[in-house]
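Secondary and tertiary structure notes
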Amino acid sequence: MNLKQSVLIGLLITVTALIAWEIYWRNQGFTATLDDNEALWAVQRAKVEKLSKEDVVLVGSSRIHFDIQLDQWEKKMGNKPIQLAAGGCSPLPVFHDIVNNSNFNGTILVGVTPGLFFSTTFPKAQPWAWPQARVDYFHNRTYAQQLNHLFSLPLQNSFAFISEVEGVDGINLKELLKKIHVNNRVIDPMPPFHTFEEIRLDRNVRMLKRMETDTAFANTVKKVWKFFMSGEGPPPDKVATMNFFLTDLEKFKARGGKVILLRCPSDGYLRDFENTVTPRATFWDELVQKANVPAYHFEDYSQLQNLTIPEWSHLTANDADIFTNEFLDILIKDQVLLTSNSN
Amino acid sequence: MLFNSLSFIVFLLIVLALYYAPILTWVSKKRMLLLSSYIFYGLWNPPLVILLWISTIVDWVAGKKLAIEENKQKRKLWLLLSMIVNLGFLGFFKYGNFLLENFTALLNTIGVEFQARPMDIILPMGISFYTFQTMSYTIDMYQKRTERARTFLDFALYVTFFPQLVAGPIVRAQDLISQFYEEKKATINQFLWGVFLLTIGLFQKVVLADTLLSNTADDVYGAGKVLHSLDAWTGTLAFSGQIFFDFAGYSTCAIGIALMLGIILPDNFRYPYASIGFSDLWRRWHISLSTWLRDYLYIPLGGNKHGIIRMYVALMVTMLLGGLWHGAAWTFVVWGALHGIYLVVERLLRSKIHIKINAFNGILLAFLTYTLVNFTWVFFRAREFSTAKNMIASMLFINDGGEKIVPSFDIIKVFVLITLLFICHWIMRNTSMKDVSLKPPAWILGVVWGIMLFLIAISQGSGEQFIYFQF
């Protein structure tokens, strides 16, 4: 057996097949992007340990993740906040972790998406379990996992086929196999959910241009929101979520920390649904009154309205820039935050 | 550190570069391997390297004393010290919470109100493997079956050798330490064969276990519902494949990596799903553990030298403890008990019925064995007895109208893959991978190699941990 010959043939096949695979997926519109995974999140969470009183941390769900642009923030305020928000997540587990497991006493900007903030404190429910998994990963990550993440970054940035994306846009072998359906023995009622953002190393997220130009694409995401709203999910647990948050808030305030609440824009069917299930007066207003911290609802500021929300929930990249700037102007005017120049 | 991770690829390249660079003497190379092994382990949780050091020092000292001590009482005491330290670690770190839970449950059952605070103990990765390996040295020294390691470096490397540190094979002292005495260097063919084994191992783990089978097994066993019979069987078959590919994959990687360094490790699996009967199964599945249990537990308990009853008792005790070795839960004990019962029944039947095995009845008996093995996997995989009970009932077609949760394609995928696995094991049962791989022309092996590497690369995986690391 000539193993040298075998290994050469093997390597040749592997390299050729991988080049073809990469070209194929690039032709299908995929690009090399980072994965918004637990490892990327943990790198940002680790930075919280070293922050000063002047620094800001963002927690919440996808709206604050899309709508607050870190570059705009840095340009205006002189320093970049830490982005810890993540899609489909309640902000409470991450807020709880920072309050109880770090010495940070700067400012935490909490994004309040009513359907998620007031959803639950049940550990196994998705809005809680997802962010908690990130928190747990951060606390338990090994040095080996940190190295793996470090080594994977250049690969993620170079190859489109290296992707952890799940669902309809997933292109690793496991995800590709999941898309094969033989008959309807088991029906997944959820419409296909496309990825419509790209993320950077600092976890800044921007909406893809396609969402602005391709109405059919935007409609696929709207269908998913409608699906979630039509489901017979549990009602919001206002009392438990609010109490949980307020307990941590008092602890954070006591050590000199500052909290700002932000309700980002939503639109259309989704906003109507939110107004019905989590009416402002009995959810947001009550939270603001009990929390007694600076709070900003987009409905109260004309400059935060009339922005483009192609799928009812998140701002386009350009409008996220505008939103960030306008929101920061309001904070500066209210002297809730000071720019680094004024410090 | 996991074999299926980028950090390991970088680690291995550095180790190989240093190992084959003409700058180090053999002693320096061994020191480098030892240091690398501690880094390999410490990158998971550095403080737990201290446990390895304690085990190493205690067993080195015990071995040294056992080599010169003639007083029987003192010899026993040195052996006892080694056993207490190693089993003490195992007992505290692996069974501490389990013992506390059962103690609490017992008190509550007899009416004593008691609630213990959970101890929150970390399970050191691979503790069951390295404690068993190092204990085998002192037991062999006590029984004068092996020679004392020549140097502390050789012994420390034997305990810590990174390819097999966290999930075996559990290697005996005489098989590994002596390989460290003379300079080892793989020939080109050995090295490339080692790379091929590493590729096969990663293919088994990343593609077959994690990509093709794990989801189905996880969905079925995590459903929390009474399932349709087809779904229950699909989930169990998927798990039977997953655990084989996961564990055999690890062993194949370990053997391949060691071979790249010119070190030979023993086989740990010999196509177990084609076993004819359960004695045969335990000669083919996790061979290094089953021979360990045979030599250090079953035979000391009496083995087959003290009558039939004692033999059956020894067999059951060995399998019960073997079950408990896998995990601190009663479901693992039941798994071991089932295997014990299978072995006892098989021996009873063998004394009454004599069958001449041929190709036709052989494959039927292998299929029967594999089917019965699947019932044991239910207890191995299920976290609670209620899940196991529902699964067994569904698999025996007792549950009417259970829920369907597995898509048709997944059913086809699992049944095709498991059928191929079974046929492959049957064809290969009396041969070896090397023999089979050496027959076809080099280009065929190259094509297979390339396809495996390509599938590993496009599966990627997010560095799923090997199942046996938790044991």
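Residues numbered from 1 in each chain as written. Chains lettered and ligands numbered in written order. Predicted model: local features only at pLDDT ≥ 70, side-chain atom pairs only at ≥ 80, totals over all residues. Heavy atoms only, no water.

1. Digging into the overall build of chain A
Condition: Strands here are runs of E lasting at least two residues and helices are runs of H or I lasting at least four, both read from the DSSP assignment and numbered beginning at the N terminus. Put simply, the radius of gyration uses C-alpha atoms, and a globule should come to 2.2 Å times the residue count raised to 0.38. The buried label goes to any residue with under 20% of its type's maximum accessible area, the exposed label to any with over 50%, and the partly exposed label to all in between, with areas taken from a 1.4 Å probe on protein chains only. Two residues form a contact once any of their heavy atoms are found within 4.5 Å. The Shrake-Rupley method, run with a 1.4 Å probe sphere, supplies the accessible areas, and residue values consider only the shown protein chains as cover. This count recognises Lys and Arg as positive and Asp and Glu as negative, with His and chain-terminal groups excluded. In plain terms, the charge of a residue is placed at NZ if it is Lys, CZ if Arg, CG if Asp and CD if Glu.
Counting its secondary structure elements, chain A contains 15 helices and seven strands. A globule of 343 residues ought to have a C-alpha radius of gyration of about 20 Å, and chain A, at 22 Å, matches this closely. The principal-axis extent of the C-alpha atoms belonging to chain A is close to 75 × 45 × 35 Å. Residue burial in chain A is summarised as follows: out of 343 residues, 50% are buried. The long-range share in chain A, meaning contacts at least 24 apart out of those at least 6 apart in sequence, stands at 79%. Total accessible area on chain A is roughly 15,900 Å²; 55% of this is exposed by carbon and sulfur atoms. In chain A, which carries 35 positive and 39 negative side-chain charges, the distance between the mean positions of the two groups comes to 3 Å.

2. Some remarks on the UniProt feature "transmembrane region" (unreviewed entry) in chain A
Put simply, the test is: UniProt positions are given in the numbering used here, feature names are shortened, and annotations may be inferred rather than shown by experiment.
Taken from the UniProt record, the annotation "transmembrane region" (unreviewed entry) applies to residues 7-25 of chain A. As a span, residues 7-25 of chain A carries 100% helix and 0% strand, and end to end its C-alpha atoms are 27 Å apart.

3. Remarks on the sheet that holds strand β3 (residues 107-111) of chain A
All names here are of chain A. Defined as follows: A pair of strands is labelled paired if DSSP reports no fewer than 2 bridges between them. Lines fitted to C-alpha atoms define the axes, with helix axes restricted to the stretch in contact, and inter-axis angles between N-to-C directions lie between 0 and 180 degrees.
The sheet built from five strands is open, its strands ordered β2-β1-β3-β6-β7 with parallel pairing. The open sheet terminates on both sides in strands that have one partner only, identified here as β2 (82-83) and β7 (295-297). In terms of strand pairing, strand β1 (residues 56-59) meets β2 through two bridges, oriented parallel. The residue of β2 that forms the bridge with Leu58 is Gln83. Packing of helix α12 (residues 238-254) onto the sheet brings it into contact with β3 and β6 (258-263), and relative to β6 it is tilted by some 140°.

4. Some thoughts on the nonpolar core
One recurring pattern in soluble globular proteins: nonpolar side chains tend to sit buried together. Just so we agree on the cut-off: In these notes, a set of buried Ala, Val, Leu, Ile, Met, Phe, Trp, Tyr and Cys residues joined through side-chain atoms within 4.5 Å is what counts as a nonpolar core. Domain delimitation follows an automatic or database domain assignment.
By size, the foremost hydrophobic cluster in this structure holds 163 residues, and its most contacted members are B:Tyr41 and B:Phe162. Ranked by the residues each element gives to this core, the list is headed by helix α9 (residues 229-260) of chain B, at 18 residues. Split by domain, the residues of this core number at least three in each of domain 1 (6-184) and domain 2 (189-276 + 357-470) of chain B. Ignoring sequence-local partners within four residues, the contact set of B:Tyr41 consists of B:Leu48, B:Val49, B:Leu52, B:Pro124, B:Met125, B:Tyr130, B:Leu165 and B:Val166. The next biggest cluster of nonpolar side chains, apart from the first, holds 35 residues, and it includes A:Val59, A:Val110, A:Phe252 and A:Ala291.

5. Comments concerning the interface of chain B and chain A
The test is simple: Two parts placed together each lose some accessible area under a 1.4 Å probe, and adding up what both lose gives the buried area. The salt bridge criterion pairs a side-chain nitrogen of Lys or Arg with a carboxyl oxygen of Asp or Glu, the two atoms within 4 Å. Between N or O atoms, a polar contact is any pair within 3.5 Å; within protein, one atom must be a potential hydrogen donor and the other a potential acceptor, and residues adjacent in sequence are included only when both atoms are from side chains. Each residue is assigned to one of three groups, with Ala, Val, Leu, Ile, Met, Phe, Trp, Tyr, Cys and Pro labelled nonpolar, Asp, Glu, Lys and Arg labelled charged, and all others, Gly among them, labelled polar.
At the junction of the two partners, chain B supplies 49 residues and chain A supplies 37 residues. Contact between chain B and chain A buries roughly 3,600 Å² in total, counting both sides, with carbon and sulfur atoms accounting for 74%. Notably, a salt bridge pairs B:Asp231 with A:Arg185, separated by 2.6 Å at the nearest N-O pair. Across the contact surface, chain B and chain A share 11 residue pairs in polar contact (both at pLDDT 80 or more). Counting residues per element, the ones that place at least two in the side of chain B that touches chain A are α1 (6-20), α8 (188-221), α9, α16 (408-428), α17 (433-438) and α18 (442-459) of chain B. With 14 residues, α18(B) is the single largest residue contributor to the side of chain B that touches chain A. Counted by class, the side of chain B that touches chain A contains 31 nonpolar, 15 polar and three charged residues.

6. Brief notes about the packing of helix α11 (residues 215-230) of chain A against helix α13 (residues 268-277) of chain A
Residues and elements named next belong to chain A. Threshold: Roughly parallel means an angle under 35 degrees; roughly antiparallel means over 145; roughly perpendicular covers 65 to 115; every other angle is labelled oblique. Less than a right angle of anticlockwise turn of the near helix away from the far helix marks a crossing as left-handed, whereas a clockwise turn marks it as right-handed.
As a packed pair, α11 and α13 sit with axes 10 Å apart at the nearest point and diverge in direction by 20°. By the angle class used here, α11 and α13 are roughly parallel. Where α11 crosses over α13, the two elements pack in a sense that is left-handed. Contacts from Trp225, Lys226 and Met229 of α11 reach α13 at Tyr269, Leu270 and Phe273. Of the residues contributing to the contact of α11 with α13, the split by class is five nonpolar, no polar and one charged.

7. Details of the packing of helix α3 (residues 49-68) of chain B against helix α5 (residues 127-142) of chain B
Residues and elements named next belong to chain B. Their axes nearest at 8 Å, the elements α3 and α5 cross at an angle of 10°. The angle between α3 and α5 places the two elements in the roughly parallel class. Together, Leu51, Leu52, Ser55, Asp59, Ala62, Gly63, Leu66 and Ala67 of α3 and Ile127, Tyr130, Thr131, Thr134, Tyr137, Thr138, Met141 and Tyr142 of α5 make up the contact between the two elements. Taken together, the residues that form the contact of α3 with α5 break down as 10 nonpolar, five polar and one charged.

8. Regarding a negative patch on the surface
Residues and elements named next belong to chain A. Let me state the cut-off plainly: Without a salt bridge and with relative accessible area above 30%, a residue can belong to a patch; like charges are then joined within 9 Å and nonpolar side chains (Val, Leu, Ile, Met, Phe, Trp, Tyr) within 5 Å.
Taken together, Glu38, Asp136, Glu164 and Glu166 make up a surface patch of like negative charges. Mapped onto the secondary structure, Glu166 falls in the loop between α8 (143-158) and α9 (173-178). For Glu166, a relative accessible area of 60% puts it in the exposed group.

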